[in-house]
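Chains, contacts and geometry: an overview
Each chain, letter by letter, is given below.
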Amino acid sequence: MPNRPEPRLEQGLRSVPAGVTVRVTVPATSANLGPGFDSMGLALDLRDDVEVTAVDEGFSAVVQGEGAGVVPTDASHLVIATLRGYLLERGWEVPGLALVATNRIPHGRGLGSSAAAHASAILLADALLPEDERASEADLLNAASHLEGHPDNVAPALTGGLTVSWEEDGRYRSSAMRPHPAVVPVVAIPAQPLSTETARGLLPAQVPHHVAAANAGRVGLLVHALTQEPSLLLAGTRDWLHQDQRESAMPESVGLVRDLRRQGLAAVVSGAGPTVMVLADGMDQAETARLAMQASLDRSAQPWRVSILPVDAAGARVETHRSGQPISG
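Residues numbered from 1 in each chain as written. Predicted model: local features only at pLDDT ≥ 70, side-chain atom pairs only at ≥ 80, totals over all residues. Heavy atoms only, no water.

An unreviewed UniProt entry annotates the protein as Homoserine kinase originating from Citricoccus parietis. As recorded by UniProt, the Function (unreviewed entry) comment attached to the protein reads in full: "Catalyzes the ATP-dependent phosphorylation of L-homoserine to L-homoserine phosphate." Heading Pathway (unreviewed entry) of the UniProt record for the protein holds this comment: "Amino-acid biosynthesis; L-threonine biosynthesis; L-threonine from L-aspartate: step 4/5." (UniProt positions renumbered as here; feature names shortened; annotations may be inferred.)

So, in structure tokens, the structure goes:
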């Protein structure tokens, strides 16, 4: 995801005072979940933590974990640039920022790292403003989704749990649901990333009507399986729109999905890939899926991380500290 251009400051802008510190923690997400292409998403218990402090001048970033030594550490850092751009649109400027990020979400693996960054930037920017200037939850979702290009990862990153999102009259909207407590995600994360642009470039411009109809039916079944009847997850995660079409960009991932599904496990490509996720029905099946993933990947030429990642129900959390005041959520 390219960085936002450097904002141009104009006269008449109000300035965020130095000394304000905001902390935000945002979960990883898995989008699509099989047939729910560009509309469904699930929050996972793996978080990026970002803290910014408004300072008198200068922009700097300290990055720990994923992306350390690779992502920019100046004003071009994605969160700083996005935050400043959003404040500018709201009529505010910030003379300087000191950012500290602890990144745990792998970059370019289909686990929502870009959405987490955009959501973090919007939430941080909003929390830097006085309380009477804060945006509504709906406006925050819309702003972050426009930056990301679609809401499927942004929505669960903000609200936690399971979300279904859509666009209506130029605005992005989302509805959150509580997944069945038996649903346990298991992920296999490869060492090599895959760009979303590359994955999207392999999708056809059109699909036959009967394919769209079949996929729509499975989306309805998937919602029921995730919220009411996890025993139907294998059938509910069947997709015809995007996974097979991307095989040339991630043959190992698509091959792993097929292998796991033959074993009766509800395996999907997470987001644009190349991470593979199984939506297990209970911890016993989650452990079965973990062992099956490891067995299938023993022959891989690249290392994979296999982990059980519970559903994150909390979503993004924000804390604000102003000089002389305690931190508030």
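This part takes up the overall build of the protein. Regarding its fold elements, the protein presents 9 helices and 13 strands. Across its three principal axes, the protein shows a C-alpha extent of roughly 60 × 40 × 35 Å. Each of the 329 residues in the protein was classed as buried or not, and the buried ones make up 50%. A fraction of 75% describes how many contacts in the protein between residues 6 or more apart in sequence connect residues 24 or more apart. Counting only carbon and sulfur atoms, one obtains 51% of the accessible surface of the protein, whose full area is about 14300 Å². Computed over 25 positive and 37 negative side-chain charges, the inter-centroid distance for the protein is 3 Å. (Helix = DSSP H or I, 4+ residues; strand = E, 2+ residues; numbered from the N terminus. Buried < 20%, exposed > 50% of the residue type's maximum accessible area, 1.4 Å probe, protein only. Contact = heavy atoms within 4.5 Å. Areas by Shrake-Rupley, 256 points an atom, 1.4 Å probe, with all protein chains shown as cover. Lys, Arg positive; Asp, Glu negative; His and termini not counted. Charge placed at Lys NZ, Arg CZ, Asp CG, Glu CD.)

Inspection of every chain in the model, using the stated rule, returns 14 salt bridges. A salt bridge links Asp 38 to Arg 200; the shortest N-O distance between them is 2.6 Å. Of this pair, Asp 38 sits in strand 3 (residues 36-55) while Arg 200 sits in helix 5 (residues 196-200); the two residues are 162 residues apart in sequence, bridging distant segments of the chain. We classify Asp 38 as partly exposed; its relative accessible area is 24%. Among the residues examined, Arg 200 registers a relative accessible area of 28% and is labelled partly exposed. With a shortest N-O distance of 3.6 Å, Glu 66 and Arg 305 are connected by a salt bridge. Pair noted here: Glu 66 is in the loop between strand 4 (58-65) and helix 1 (78-89) and Arg 305 is in strand 12 (residues 304-308), with a separation of 239 residues, a long-range link. For Glu 66, a relative accessible area of 23% translates into the label partly exposed. (Salt bridge = Lys/Arg side-chain N within 4 Å of Asp/Glu carboxyl O.)

Okay, the packing of aromatic side chains next. Under the defined criterion, the tally for this structure stands at 0 aromatic pairs. For the cation-ring pair, Arg 84 lies above Phe 59, with the distance from its terminal atom to the ring centre recorded as 4.0 Å. (Phe/Tyr/Trp six-rings, centres within 6.5 Å; stacked < 30°, edge-to-face > 60°. Lys NZ or Arg CZ within 6 Å of the ring centre and 35° of its normal.)

Quick look at the confidence of the model for the protein now. Taken over all residues, the pLDDT of the protein has a mean of 93, while the share at 70 or more is 94%. Throughout residues 1-9 the model reports pLDDT below 50, and contacts reaching past four residues in sequence, or to other chains, amount to 22 contacts. For the stretch residues 324-329, pLDDT sits under 50, and the model shows 11 contacts to residues farther than four places along the chain or on other chains. (pLDDT = per-residue confidence, 0-100.)

Once that is clear, we can look at the UniProt feature "domain: GHMP kinase C-terminal" (unreviewed entry) in the protein. Mapped onto this numbering, the UniProt entry annotates "domain: GHMP kinase C-terminal" (unreviewed entry) at residues 238-296. Span residues 238-296 is 44% helix and 15% strand, its end C-alpha atoms 20 Å apart.

Turning our eyes to something else, we now look at the pairing of strand 8 (residues 171-177). Pairing of strand 7 (residues 162-168) with strand 8 involves 7 bridges; the strand directions are antiparallel. The residue bridging Thr 163 from the neighbouring strand is Ala 176, located in strand 8. Linking strand 7 back to strand 8 in an antiparallel pair, the connection comprises 2 residues, with Asp 169 at a positive phi of about 55°. (Pairing = 2+ DSSP bridges.)

The next thing to look at is the sheet that holds strand 9 (residues 183-190). Here 4 strands make up an open sheet; going across it, the order is 10-11-9-12 and the pairing antiparallel. A single partner strand is all that each edge strand has here, and the edge strands are strand 10 (267-269) and strand 12. The average undirected angle you get between the axes of adjacent strands in this sheet is 20°. Here strand 10 runs beside strand 11 (residues 276-281); their pairing, made up of 3 bridges, is antiparallel. (Axes fitted to C-alpha atoms, helices over the stretch in contact; angles between N-to-C directions.)

Let's shift gears to the packing of helix 1 against helix 2 (residues 113-128). Where helix 1 contacts helix 2, the two axes come as close as 8 Å, and the packing angle between them is 45°. Looking at the two axes, helix 1 sits oblique to helix 2. Between helix 1 and helix 2 lies a crossing of right-handed hand. Touching Leu 78, Val 79, Thr 82, Leu 83, Tyr 86 and Leu 87 of helix 1 are Ala 117, His 118, Ala 121, Ile 122, Leu 124, Ala 125, Asp 126 and Leu 128, all from helix 2. (Parallel < 35°, antiparallel > 145°, perpendicular 65-115°, else oblique. Left-handed = near helix turned anticlockwise from the far one by under 90°.)

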